[in-house]
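The primary structure of each chain is shown beneath.
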Amino acid sequence: MQSRITRRTFNLGLGAGAASLWLGGGAALAQNKTISIGTGGTGGVYYPLGGAIASVLTKNIPGMQATAEVTGGSVDNLKLIGSGQSEIGFSMADAALDAFKGEDKFKSGKVPLQTLLVLYPNRMHVATVEGSGIEKMSDLKGKRVSTGSPGSATEVMAFRVIEAAGLDKDKDMKRERLSVAESVNALKDRKIDAFFWVGGVPTAAVTDLAATPGLKMKLIDHADLVDKMNAKYGKLYAGGTIPPGSYPGYDKPNQNVDVWNILVTGNKMTEDEAYQIVKTLVERKPDLVAVHKDAESFSLENQVQSRSPVPFHPGALKYFAEKGVKG
C-alpha cells in the first residue's frame, strides 16, 4: 500500500463460482477475473455508484468478481491504477489529465490511462450556512475553509476555483483538508465557515447538511470563474446550475462550475475485458440509476472524446462502433 492513499475494500460480488470462464468477443478470457474499483469517500457519489457498478459487473459477467474500494477520491484512484493496486477508478477529467500528462500531483510520473466510459458531470459546491458572513467568493478571505480531503479531485479543483477568484489558498484562508462528510460535521459544529465539494447532485452528505434543524445552508455562486479556469487549464470546465430543490429547503439555483467524471483503467486491460465492462454498464444502466440518478448520464450520446481528455480504450471504442457511436 502506498503511503497517504487510504483504501478500504467492500466486496460486493456474488462469488466467483458462477462460471469458470468469462467469454468476451468470442474469446475465452481469464478464469475468475478480479476487478478492483477505486471510488471515493462514503459521503459522496463515487462510493455508492462504485458499489453498484461492482455489483452489476459481478452479476452480469460470468467469472468476474468486482469489488469497490473506499478511497480519498480521484487522485488516489489514479495513483492506485498507476501502481497496479486497482484496475478501474472514478476520476474527474481534470485530475485524469494531470495524471496522463504527469503534472501537478503526478510530477513523479505519468499514469498510462485509458477511458472506459464518460459518466456524469460533477458540480462544484461552495457550501456555507447563514450567519457565516459569506455571500460571495471574495468573502472566503480570512475564513476557515475545507478544500477537500488529500488525494481528492475536490482539492485539485477547489485550488483552481480559489485561484480564479483572486485568492491565495494558503495566505487568504485557514485551510482544512476534510472529506465531504467531515466538512459537513465541522460546519455544523462551527469549526469551519465553508467547504468545497465537487460531486454529483444530490450528494448525501450535503443533503444531510441542508436537512439539519437550526441551520440554513447556502451555496455560493461562482460560475463567472469558468473562463479564467479554462484559460489556464484547458477547456475542462463549464458553467452549470444546481437546480432549486436539489437539497432540502434550498429553493434557488446555484450558478456553479461543472467538470465531467470518467471511468478509467490503465494499460493492462484487454480489449475483450474493456468491451464487456462497457457493454454491461451501458446496457444495465437502470440497475445503476436505481442507486443514484446521476447514472442516467451513462448513455451512449455522452461517449464523445471532447468530454474526456484521456483516449478511450479500444474495447470501449469497439462497443461504441457497434452501436453507431463515434467515441
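Figured I'd write up the structure that's included with this text.

Basis of the calculations
- Residues numbered from 1 in each chain as written.
- Predicted model: local features only at pLDDT ≥ 70, side-chain atom pairs only at ≥ 80, totals over all residues.
- Heavy atoms only, no water.
- Helix = DSSP H or I, 4+ residues; strand = E, 2+ residues; numbered from the N terminus.
- Rg over C-alpha atoms; globule rule 2.2 N^0.38 Å.
- Contact = heavy atoms within 4.5 Å.
- Areas by Shrake-Rupley, 256 points an atom, 1.4 Å probe, with all protein chains shown as cover.
- Salt bridge = Lys/Arg side-chain N within 4 Å of Asp/Glu carboxyl O.
- Buried < 20%, exposed > 50% of the residue type's maximum accessible area, 1.4 Å probe, protein only.
- Phe/Tyr/Trp six-rings, centres within 6.5 Å; stacked < 30°, edge-to-face > 60°.
- Lys NZ or Arg CZ within 6 Å of the ring centre and 35° of its normal.
- Pairing = 2+ DSSP bridges.
- Right-handed = clockwise from strand over helix to strand, strands pointing away.

**Observations regarding the overall build of the protein chain**
Inference 1: Across its full length, the protein chain carries 10 helices and 13 strands.
Inference 2: By the compact-globule yardstick of 20 Å for 327 residues, the protein chain fits well, its C-alpha radius of gyration being 20 Å.
Inference 3: The dimensions of the protein chain, computed from C-alpha atoms along their principal axes, are 60 × 40 × 40 Å.
Inference 4: Taking as baseline every contact in the protein chain between residues at least 6 positions apart, the subset at least 24 positions apart corresponds to 76%.
Inference 5: For the protein chain, the accessible surface area stands at approximately 13,300 Å², while carbon and sulfur atoms represent 49% of it.

**Regarding the pattern of salt bridges**
Inference 1: Applying the stated criterion across every chain, the model contains 19 salt bridges.
Inference 2: The closest approach of N and O atoms between Asp258 and Arg123, which form a salt bridge, is 2.5 Å. Within this pair, whereas Asp258 is found in strand β13 (residues 254-265), its partner Arg123 is found in strand β7 (residues 114-129), the two being separated by 135 residues in sequence.
Inference 3: Using a relative accessible area of 10% as the deciding quantity, one classes Asp258 as buried.
Inference 4: Arg123 gets classed as partly exposed once you look at its relative accessible area, which sits at 21%.
Inference 5: Measuring nitrogen to oxygen at the nearest pair gives 3.2 Å for the salt bridge that ties Lys279 to Glu283. Linking Lys279 with Glu283, this pair stays in helix α8 (residues 271-283), spanning 4 residues, or about one helical turn.
Inference 6: Its relative accessible area of 25% is what places Lys279 among the partly exposed residues.
Inference 7: Taken together, the shared-partner salt bridges connect Asp98, Asp104 and Arg160 into one network.

**Notes on the packing of aromatic side chains**
Inference 1: Overall, the coordinates contain 4 aromatic pairs when judged by the stated rule.
Inference 2: These aromatic residues form a ring-pair network of at least three members: Tyr275, Phe312, Tyr319 and Phe320.
Inference 3: Geometry around Tyr233 places Arg160 over its ring, the cationic atom sitting 3.9 Å from the centre.
Inference 4: Above the ring of Phe159, the side-chain terminus of Lys169 is found at 4.7 Å from the ring centroid.

**Topic: the pairing of strand β5 (residues 64-70)**
As a general feature of sheets, a regular strand has side chains that alternate between the two faces.
Inference 1: Across the 7 residues that make up β5, a large majority, 7, are buried.
Inference 2: Judged by which residues are buried, β5 turns out to be covered on both faces: Met64, Ala66, Ala68 and Val70 on one side and Gln65, Thr67 and Glu69 on the other are all buried.
Inference 3: Of the strand pairs in this sheet, strand β4 (residues 33-38) and β5 are connected by 6 bridges, and their pairing is parallel. Across the sheet, the residue bridging to Gly38 is Glu69, located in β5.
Inference 4: Once you follow β4 into helix α1 (residues 46-60) and on to β5, the crossover reads as right-handed.

**A few points about helix α3 (residues 93-101)**
Inference 1: Within α3, 7 of the 9 residues are buried, which leaves the element mostly enclosed by the surrounding structure.
Inference 2: Listed in full, the buried residues belonging to α3 are Ala93, Asp94, Ala95, Ala96, Leu97, Asp98 and Ala99.
Inference 3: Close packing links the buried residues of α3 with α2 (74-82), β6 (88-92), α4 (153-164) and β13.

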